[in-house]
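# Fold and geometry: a report
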Amino acid sequence: MTKSELVIDLKKVDKTFDGPAGPIHALRSVDLQVASGEFVGVRGPSGSGKSTLLNMITGIDRPTNGDVNIAGVLLNDLNENKLARWRGKNVGVIFQFFQLLPTLTIIENTMLPMDFCRVWKPRERPERAMHLLDQVGLADQAYKLPNTLSGGQQQRAAIARALANDPPLVMGDEPTGNLDSKAADKVFYLFEELVKQGKTFMMVTHNVDLSSRIPRVVDVLDGELFDNGNGRQ
Ligand code: ADP
Ligand code: MG
């Protein structure tokens with residue numbers, strides 16, 4: 001694999017938090033390489049470091065030691081301002097509890113990252129947002145407020161928002177964790193479609209049925225990463 005094909009390249013990443021009873025080693029010397037177009041699942045018990053790992057890759061948080069290289073950009077070198085701009089264009093993030101802004105309509109939520117990054121001209125944004133909502137099956141919900149939608153619909157809106165700036169990398173932190181199995185299945189199908197379209201997609205999941213459908217799964221245990229490689233476990 002050449003370096004340019006790597007979307008995620010972590011080298012000896014440590015993350016230590018100050019806890020009341022001393023340091024908490026959330027990540028210990030984590031190495032991880034993910035190539036463009038891969039679909040990677042992350043498993044592990046609660047508190048093992050999964051969210052911390054995702055936060056390193058999205059630049060939401062910084063490592064204590066080690067290098068975080070995402071699509072050829074060393075995030076360690078970016079200041080907060082540059083990091084926020086970089087993230088807006090390069091990574092879509094999907095959370096367990098959707099994180100839609102409650103006072104904005106679904107289409108306004110979908111346009112927010114476009115307004116922030118200005119890749120698309122203002123007059124192009126509503127049309128693009130509507131196209132994304134159509135892709136996730138929500139065109140008819142565009143002018144509603146988030147709390148009038150089901151959990152599954154809200155998560156599909158969050159997926160549309162994550163795709164707003166057409167990022168090459170999409171990350172999900174337990175994105176089906178708050179959904180019933182039918183809604184989770186629908187959301188998971190959209191993730192499979194993303195990968196078919198060439199996105200690199202990484203998601204944390206506790207769901208055994210879903211993780212068995214992910215081609216590559218890594219385990220995080222007590223801050224250490226164990227890569228099961230390609231091939232189903
Ligand atoms: P997971 O997502 O696997 O449940 P986390 O990555 O959230 O685990 O947390 C890993 C460890 O780091 C836990 O012990 C957690 O309490 C600790 N931790 C996470 N974030 C912080 C923080 N901001 N401050 C202090 N400790 C933290
Ligand atoms: Mg977590």
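Here is what the cut-offs are and how they apply
Residues numbered from 1 in each chain as written. Chains lettered and ligands numbered in written order. Predicted model: local features only at pLDDT ≥ 70, side-chain atom pairs only at ≥ 80, totals over all residues. Heavy atoms only, no water. Helix = DSSP H or I, 4+ residues; strand = E, 2+ residues; numbered from the N terminus. Rg over C-alpha atoms; globule rule 2.2 N^0.38 Å. Buried < 20%, exposed > 50% of the residue type's maximum accessible area, 1.4 Å probe, protein only. Areas by Shrake-Rupley, 256 points an atom, 1.4 Å probe, with all protein chains shown as cover. Lys, Arg positive; Asp, Glu negative; His and termini not counted. Charge placed at Lys NZ, Arg CZ, Asp CG, Glu CD. Near = heavy atom within 4 Å. Polar contact = N/O pair within 3.5 Å; in protein donor to acceptor, adjacent residues only side chain to side chain. Nonpolar A, V, L, I, M, F, W, Y, C, P; charged D, E, K, R; others polar. Phe/Tyr/Trp six-rings, centres within 6.5 Å; stacked < 30°, edge-to-face > 60°. Core = buried A, V, L, I, M, F, W, Y, C linked by side-chain atoms within 4.5 Å. Pairing = 2+ DSSP bridges.

In this section: the overall build of the protein. Secondary structure assignment for the protein yields seven helices and ten strands. Its C-alpha radius of gyration of 17 Å places the protein within 12% of the 17 Å reference for a compact globule of 233 residues. Counting only C-alpha atoms and orienting by the principal axes, one finds that the protein spans roughly 45 × 40 × 40 Å. Counting only residues that meet the buried cut, the protein has 48% of its 233 residues in that class. For the protein, the computed accessible surface area is about 11,400 Å², with 50% contributed by carbon and sulfur atoms. Averaging the positions of the 27 positive and the 28 negative side-chain charges in the protein gives two centres separated by 5 Å.

Around ligand 1, the neighbouring residues are Phe17, Ile24, Ala26, Pro45, Ser46, Gly47, Ser48, Gly49, Lys50, Ser51 and Thr52. A distance of 2.7 Å separates an oxygen atom of ligand 1 from a polar backbone atom of Gly47. In this structure, Thr52 approaches ligand 1 through a side-chain N or O atom, which is 2.6 Å from an oxygen atom. Take the shell around ligand 1: its biggest share by element is three residues, from helix 1 (residues 50-58). Residue classes in the shell around ligand 1 are distributed as four nonpolar, six polar and one charged.

It is worth spelling out the packing of aromatic side chains at this point. Applying the stated criterion across every chain, the model contains three aromatic pairs. Ring plane angle 55° and centroid distance 5.4 Å describe the contact between Phe39 and Phe201, whose orientation is recorded as tilted. A residue pair is termed long-range when its members are at least 10 positions apart, and Phe39 in strand 3 (residues 39-43) and Phe201 in strand 8 (residues 200-204) qualify at 162 residues. Counting every residue linked through ring pairs, the aromatic cluster contains Phe39, Phe188, Phe191 and Phe201.

This paragraph deals with the side chain of Glu38. Locating Glu38 in the fold gives a position in the loop between strand 2 (22-35) and strand 3. Here the side chain of Glu38 touches Arg216 through a polar contact of 3.0 Å, side chain to side chain.

What follows is about the nonpolar core. Nonpolar side chains in soluble globular proteins tend to be buried together. In this structure, Phe39, Leu133, Ile159, Phe191 and Phe201 are the most contacted members of the largest nonpolar core, which totals 37 residues. Looking at this core, the elements with two or more residues in it are helix 3 (106-117), helix 4 (125-135), helix 5 (151-162), helix 6 (181-196) and strand 8. When residues of this core are assigned to their parent elements, the largest contribution, eight residues, is made by helix 6. Formed by 29 residues, the second largest nonpolar core is a distinct cluster that contains Val13, Leu27, Val40 and Leu225.

Phi at Lys12 is positive, roughly 50°, even though this residue is not glycine. Under the relative-accessibility criterion, Lys12 is labelled exposed at 54%. In this structure, Ser29 takes a positive phi of about 45° despite not being glycine. With respect to the secondary-structure elements, Ser29 resides in strand 2. For Ser29, a relative accessible area of 39% corresponds to the partly exposed category.

Looking now at the pairing of strand 2. By the bridge criterion, ten bridges tie strand 1 (residues 6-19) to strand 2 in an arrangement that is antiparallel. Bridge pairing in strand 2 links Ile8 to Val34. Counting the residues between successive antiparallel strands, the hairpin from strand 1 to strand 2 contains two residues.

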